[in-house]
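# Results of the structural survey
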Amino acid sequence: MASEKELNDFLQGVESRAFKRTAYAVRDEEAALDIVQDAMIRLAQSYMDRPAAEWPMLFQRILSNATLDWFRRQKVRNAVMQNFSDLESRADDADIGDILETLLPADRVSTESASDLVSRAQILLVIEEELTKLPARQREAFLLRYWEELDVAETAAAMGCSDGSVKTHCSRAVHALAKALKAKGIEL
Amino acid sequence: MNACRPTLNAAELEAIEARFALRVCAELNASSGVLPHDFSERLRFARQRAVESGKQAATSIAQPQFQGELLTSLGQVGRHGSASNSWWKFASVLPLVVLIAGMALVRHFDEVERINAAAEVDAALLSDDLPPEAYTDPGFAEFLSSNQPHTAVN
């Protein structure tokens, strides 16, 4: 059974990102704080006896469920609209050239670098803004897969979906972000 | 320029997407550790509360297990380990058994008393000079009640 110190260290490591991720989803910092606290307590009360290696996936699953519970309680209509837009969106995987333009680092003389256009803080604000605009499932898959650094199977377990769904959500999220950032003149 | 770009397979495309995503996340990481002071403090408090609640939950789970082991060990202590357990079990249900037995006994005696009373009435009716039907006559019943002091004296 893991110790209290291990649990404390783990929670300290994930609390900031968990708060940010939840804030992107609910767009309310106070609510995000409550949700993260609720998720921490659930993890500590129910899964403290599990091996520490399982905590990342468990915590992310608990956090996702807690966020869903918040939406259900709030009966936020835009959550449903985000899910509908998630079904409608399609990846532009038919046009490889278009994809490379948006995803690859700029190597064309005509495109100015990010540091020439905006400051790093402004880039961050734009990224965060675009993240909040993503459909919920795409955002969740993107953040769990690339920010929390879970693998595909762990992300699927945390989201309660298949590996293929995770890859699809991630791909669509990446393309959507790339297009949005490119439209605002930001290239990373 | 687009015509010069090579075709990509799924793995290469996934790698490109991953690299872009990691660049985005690198920007996010720069901000994730920078939170307003009050939020940082509230998160710290929430973390401490969670750890404390986890410790309490673990303690409450351990206590019933400990009590079970304690009772088992107490039952095993002494010369008549299993017999003591049986005696305590019997002693715990004894009051209930006594109560049920007493209620059954009272009911039995009450039944017997009612039967005896009915038997006495029947015997008196059958041995009397008057026929039993006379006693169902309202006029005769009135006669008996009005003449009762006289019959007692005679």
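Quick look at the structure, then. The residue numbers shown here count from 1 along each chain, following its written sequence. Whichever chain is written first becomes A and whichever ligand is written first becomes 1, with later ones labelled in order. Where local features are concerned, this predicted model is filtered to residues with pLDDT of at least 70; where side-chain atom pairs are given and counted, the filter is 80 or more; whole-chain, interface and lining totals use all residues. Values reported for side chains reflect all heavy atoms of the structure, with hydrogen atoms and water molecules removed beforehand.

### Section: the packing of helix H7 (residues 120-133) of chain A against helix H10 (residues 163-183) of chain A
Residues and elements named next belong to chain A. Each axis is a line fitted through C-alpha atoms, and for a helix only the stretch in contact is used; angles between axes span 0 to 180 degrees, taken between their N-to-C directions. Strands here mean DSSP runs of E at least two residues long; helices mean DSSP runs of H or I at least four residues long; both are numbered from the N terminus. Here H7 crosses H10 at 135 degrees, and the two axes come no closer than 10 Å. By the angle between their axes, H7 is oblique relative to H10. Considering how the two elements wind past one another, H7 and H10 form a crossing that is right-handed. Here Val126, Ile127, Glu130 and Leu131 of H7 lie close against H10, whose contacting residues are Leu177, Ala180 and Leu181. Amino acid classes used here: Ala, Val, Leu, Ile, Met, Phe, Trp, Tyr, Cys and Pro are nonpolar; Asp, Glu, Lys and Arg are charged; the rest, including Gly, are polar. For the contact of H7 with H10, the residue count by class is six nonpolar, no polar and one charged. Here the word oblique covers every angle except those under 35 degrees (roughly parallel), over 145 (roughly antiparallel) and from 65 to 115 (roughly perpendicular). Should the near helix be turned anticlockwise from the far one by less than a right angle, the crossing is termed left-handed; should it be turned clockwise, right-handed. Two residues form a contact once any of their heavy atoms are found within 4.5 Å.

### Notes on helix H2 (residues 29-47) of chain A
Residue and element names in this part refer to chain A. Any helix carries an expected span of 1.5 Å times its number of residues minus one. Taking 1.5 Å per residue as the helical rise, H2 with its 19 residues ought to reach 27 Å, and the 26 Å between its terminal C-alpha atoms agrees with that figure. Listed as buried for H2 are Ala31, Ala32, Leu33, Ile35, Val36, Gln37, Ala39, Met40, Ile41, Leu43 and Ala44. A 3.5 Å cut-off defines polar contacts: any pair of N or O atoms within that distance qualifies, except that in protein one atom must be a possible hydrogen donor and the other a possible acceptor, and neighbouring residues in sequence count only when both atoms are side-chain atoms. The N-cap residue of H2 is Asp28: its side-chain oxygen and the backbone nitrogen of Glu30 are 3.1 Å apart. Remark: exposure states derive from per-residue accessible area (1.4 Å probe, protein chains only) relative to the maximum for the residue type, with buried under 20%, exposed over 50%, and partly exposed in between.

### Description of the interface of chain B and chain A
Of the residues lining the interface, 36 residues belong to chain B; the matching set on chain A comes to 49 residues. Summed over both partners, the interface of chain B with chain A comes to about 4100 Å²; 69% of that surface belongs to carbon and sulfur atoms. When two parts are put together, the accessible area they lose, computed with a 1.4 Å probe and summed over both, is reported as buried area. Considering only the side of chain B, the residues that lose the most area to chain A are B:Phe20, B:Glu27 and B:Arg47, jointly responsible for 16% of the buried surface there. Think of a salt bridge as a Lys or Arg side-chain nitrogen and an Asp or Glu carboxyl oxygen that are within 4 Å of each other. The tally of links between chain B and chain A comes to two salt bridges. For A:Glu15, the salt bridge goes to B:Arg47, with nearest N and O atoms at 2.9 Å. For the pair chain B and chain A, the interface holds six residue pairs in polar contact (both at pLDDT 80 or more). The element contributing the most residues to the side of chain B that touches chain A is helix H1 (residues 10-32) of chain B, with 16 residues. A breakdown of the residues in the side of chain B that touches chain A according to their chemical character gives 20 nonpolar, six polar and ten charged.

### Digging into the pattern of salt bridges
Residues and elements named next belong to chain A. Counted by the stated rule, this structure contains 17 salt bridges over all chains. Ionic pairing is found between Glu148 and Arg17, a salt bridge with its closest N-O pair at 3.2 Å. Residue Glu148 is found in the loop between helix H8 (136-147) and helix H9 (152-159), and its partner Arg17 is found in helix H1 (residues 4-26); the two are separated by 131 residues along the sequence. On the basis of relative accessible area, Glu148 is assigned to the buried category, the value being 10%. Between Asp69 and Arg42 there is a salt bridge whose closest N-O contact spans 3.1 Å. Here the residue Asp69 occupies a position in helix H3 (residues 55-74), and Arg42 occupies one in helix H2, the gap between them amounting to 27 residues. The class of Asp69 is partly exposed, set by a relative accessible area of 23%.

Such coordinate-based values are descriptive only and should not be taken to indicate function.
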